[in-house]
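# Structural features, examined
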Amino acid sequence: MLTTRYVTGAPNWIDLGTPDIDGAAAFYGDLFGWSFQPGDPEVGGYGLFQLGGRTAAGGMQTTPEQGPPSWGVYFQAPDADATAKAAELARGSVRMQPMDVLDLGRMAILADRAGVQFGLWQPGRNKGLDVVQEHGSLCWVELYTADVPAAAAFYHSVLGLETFGVEFPGGAYTTFVPAGEPEDAMFGGIVALADDPVEEEAHWLPYFEVTDPDAIVARAEARGGTIRLPATDLPGVGRLAKLADPYGARFAVIHSEPQAA
């Protein structure tokens, strides 16, 4: 389970790049109950999506030159510089060199062997998201890739992540867990692109916990979002849906089934 007890390799931040931050704030506010707190000019207007006064995500207005509208996933790194070098050695790339963000932390943007972009966050004063696993907050991340073993090897080499298979009717699902953590600390999974007709390119996809996926789907569609996968039951997991916001940023929602202790 994803928690705010962040350890090396665990997701500790997500953010949205969008061409219309006000429109995105209205969209996600309606879906999740978020409010948007704009950032100061010294951080380029980068702001925070708040859920009951707790930070659920970051976000900023971006230009086409900065890439398409998307959600970014960041992983905790004790040394962003060393981790960036490890990514290069593992045949990944560094798209934004490690840099300090005031005294909040140190960040970098990398890409894996398949070109999938992800971020590093080395905590300073900002330790990471304030809320996860609750309605309207991050609860899972999923990597779509053409080569699952190669992706598993890359993230093990760079972030120390371990993988293990979870059996389900009709197949198995490969999950990520931080090094040295028990299996119930899994926070995400890897899916082969060939196994998912909805996903057409390699990328990281964030999942948000919600109490009623069907209601979220209806509100997203009414607000101009796209339904990529209608609300669907997945036995032993929960009811989920895949969406895109009005600007094309992809995300998923899920009402998770309680897991046995």
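Below, the structure is looked at part by part. (Residues numbered from 1 in each chain as written. Predicted model: local features only at pLDDT ≥ 70, side-chain atom pairs only at ≥ 80, totals over all residues. Heavy atoms only, no water.)

### A look at the environment of Leu 102
Here Leu 102 is to be found in the loop between strand 6 (93–101) and strand 7 (105–111). On the accessibility criterion, Leu 102 (45% relative accessible area) is partly exposed. Considering only alpha carbons, one finds Leu 102 and Val 43, 59 residues apart in sequence, at a separation of 8.2 Å. Dropping the residues within four chain positions of it, Leu 102 is found in contact with Glu 42 and Val 43. (Helix = DSSP H or I, 4+ residues; strand = E, 2+ residues; numbered from the N terminus. Buried < 20%, exposed > 50% of the residue type's maximum accessible area, 1.4 Å probe, protein only. Contact = heavy atoms within 4.5 Å.)

### Section: the packing of aromatic side chains
With the rule as written, the count across this model stands at 27 aromatic pairs. Look at Phe 36 and Phe 49: their rings are 4.9 Å apart centre to centre, the planes differ by 50 degrees, and that puts the pair in the tilted class. Pair noted here: Phe 36 is in strand 2 (residues 35–37) and Phe 49 is in strand 3 (residues 47–51), with a separation of 13 residues, a long-range link. Members of the aromatic cluster, joined through ring pairs, are Phe 27, Tyr 28, Phe 32, Trp 34, Phe 36, Phe 49, Trp 71, Phe 208 and Phe 251. (Phe/Tyr/Trp six-rings, centres within 6.5 Å; stacked < 30°, edge-to-face > 60°.)

### Overview of the sheet that holds strand 16 (residues 250–256)
The eight strands are arranged 10-11-12-9-13-16-15-14 in an open sheet whose pairing can be described as mixed. Here the strands that pair on one side only, and so sit at the sheet edges, are strand 10 (162–168) and strand 14 (226–234). Strand after strand, the sheet turns through a mean of 25 degrees between neighbouring axes, direction not considered. Alignment of strand 10 against strand 11 (residues 171–177), held across seven bridges, turns out to be antiparallel. Within the sheet, the bridge partner assigned to Val 166 lies in strand 11 and is Tyr 173. (Pairing = 2+ DSSP bridges. Axes fitted to C-alpha atoms, helices over the stretch in contact; angles between N-to-C directions.)

### Comments concerning the packing of helix 2 (residues 80–89) against helix 3 (residues 148–159)
Packing of helix 2 against helix 3 brings their axes to within 8 Å, and their N-to-C directions diverge by 150 degrees. In this structure, helix 2 crosses over helix 3, and the sense of that crossing is right-handed. Touching Thr 83, Ala 86 and Ala 87 of helix 2 are Phe 154, Val 158 and Leu 159, all from helix 3. Taken together, the residues that form the contact of helix 2 with helix 3 break down as five nonpolar, one polar and no charged. (Left-handed = near helix turned anticlockwise from the far one by under 90°. Nonpolar A, V, L, I, M, F, W, Y, C, P; charged D, E, K, R; others polar.)

### Digging into helix 3
Each α-helix turn comprises 3.6 residues. Residues three or four places apart therefore point the same way. Between its first and last C-alpha, helix 3 extends 16 Å over twelve residues, near the 16 Å set by a 1.5 Å rise per residue. By the burial criterion, the buried members of helix 3 are Val 148, Ala 151, Ala 152, Phe 154, Tyr 155, Val 158 and Leu 159. Along helix 3, the residues classed as buried sweep out an arc of 165 degrees about the axis, all on the same side. N-capping of helix 3 is provided by Asp 147, with a side-chain oxygen placed 3.1 Å from the backbone N of Ala 150. Positive backbone phi, at 75 degrees, marks Gly 160, one or two positions downstream of helix 3. (Expected span 1.5 Å × (residues − 1). Arc of directions from axis to C-beta. Polar contact = N/O pair within 3.5 Å; in protein donor to acceptor, adjacent residues only side chain to side chain.)

### Focus on the pairing of strand 12 (residues 188–192)
Buried residues dominate strand 12, accounting for five of its five residues. Both faces of strand 12 are covered, namely the face carrying Gly 188, Ile 190 and Ala 192 and the face carrying Gly 189 and Val 191. Strand direction decides the pairing type here: strand 11 and strand 12, joined by three bridges, are antiparallel. Counted as the bridge partner of Phe 176 is Gly 188 from strand 12.

### Structural notes on helix 2
Residues of helix 2 that are buried include every one of Ala 80, Thr 83, Ala 84, Ala 86 and Ala 87, and no others. Buried residues of helix 2, viewed axially, fall in a sector of 160 degrees; they line one side. Opposite its buried face, helix 2 presents the exposed residues Lys 85 and Leu 89, each directed more than 90 degrees away. Packing partners of the buried residues in helix 2 comprise strand 6, strand 7, strand 8 (117–123) and helix 3. Capping of helix 2 at its N-terminal end is provided by Asp 79; its side-chain oxygen lies 3.1 Å from the backbone amide nitrogen of Asp 81. Arg 91, located one to two residues past helix 2, shows a positive phi value of around 70 degrees.

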